[in-house]
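If you want the building blocks of each chain, they are given just below.
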Amino acid sequence: MDRLHSDPSFLVCPDFMTEWYRVSRTSMVNANIMEAQAAETLRNIWITTNEDLCLQWHQQVIEDEHLNAERHHLAKEEAERQKAVLELEEATTRADKRKKNCFKHLPIPVQPHPLINDEEALLDKGHYVELYYWTNHGLNDAMINYRT
């Protein structure tokens, strides 16, 4: 069926006795049917057609509501799926960063700290300190070979 663009229940039945509908009435007039009866028949035809259109309109509205609900449901599922994908990507990125900078995420061991060591003393005085002491390899070496 063709899709209706407006609600046919707002339409008003025309007066079939006017001059505008004279051709329609005269085609129905014969010895047994008068013009008033032809106009009444046209009115009954219009009412029946309008009732069918109203039923079609209501069915169309119901179908549109179901389609909109289905679209809304699908959009909601898609949004949830996108959110899950984004969370998975973020978790993967965090895991990669933890793996890449594993020393950054290690727990700080509880060990007695000396008051000051030679490298820190040089830093406090503003002197040159070898970069080796601040690299991952140097920090590993310091953790393994703890010297006071």
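Residues numbered from 1 in each chain as written. Predicted model: local features only at pLDDT ≥ 70, side-chain atom pairs only at ≥ 80, totals over all residues. Heavy atoms only, no water.

1. A closer look at the overall build of the protein
Argument step 1. Secondary structure summary: the protein contains four helices and zero strands in total.
Argument step 2. What you see in the protein, going N to C, is helices and strands ordered as α-α-α-α.
Argument step 3. Here the protein holds 148 residues, and 10% of them are scored as buried.
Argument step 4. If you take every contact in the protein between residues at least 6 apart in sequence, the share linking residues at least 24 apart comes to 49%. (Helix = DSSP H or I, 4+ residues; strand = E, 2+ residues; numbered from the N terminus. Buried < 20%, exposed > 50% of the residue type's maximum accessible area, 1.4 Å probe, protein only. Contact = heavy atoms within 4.5 Å.)

2. Observations regarding the confidence of the model for the protein
Argument step 1. For the protein, per-residue confidence averages 83 on the pLDDT scale, and residues scoring 70 or more make up 82% of the total.
Argument step 2. Taken element by element, the protein is modelled with least confidence in helix H3 (residues 118-125), mean pLDDT 60, and with most confidence in helix H2 (residues 35-100), mean pLDDT 93. (pLDDT = per-residue confidence, 0-100.)

3. Notes on a nonpolar patch on the surface
Argument step 1. Taken together, the side chains of Phe103, Leu106, Met143 and Ile144 define a hydrophobic patch exposed on the protein surface, amounting to about 390 Å² of accessible area.
Argument step 2. With respect to the helices and strands, Ile144 occurs in helix H4 (residues 136-144).
Argument step 3. Exposure remark for Ile144: the relative accessible area of 69% places this residue in the exposed category. (Patch = residues over 30% accessible without salt bridge, like charges linked within 9 Å, V, L, I, M, F, W, Y side chains within 5 Å. Areas by Shrake-Rupley, 256 points an atom, 1.4 Å probe, with all protein chains shown as cover. Salt bridge = Lys/Arg side-chain N within 4 Å of Asp/Glu carboxyl O.)

4. Section: H2
Argument step 1. Over its 66 residues, H2 runs 95 Å from end to end, which matches the ideal 98 Å to within 8%, given 1.5 Å per residue.
Argument step 2. Taken residue by residue, H2 has Ala38, Ala39, Leu42, Asn50, Cys54, Gln56, Trp57 and Gln60 as its buried positions.
Argument step 3. On its buried side, H2 packs onto helix H1 (22-28). (Expected span 1.5 Å × (residues − 1).)

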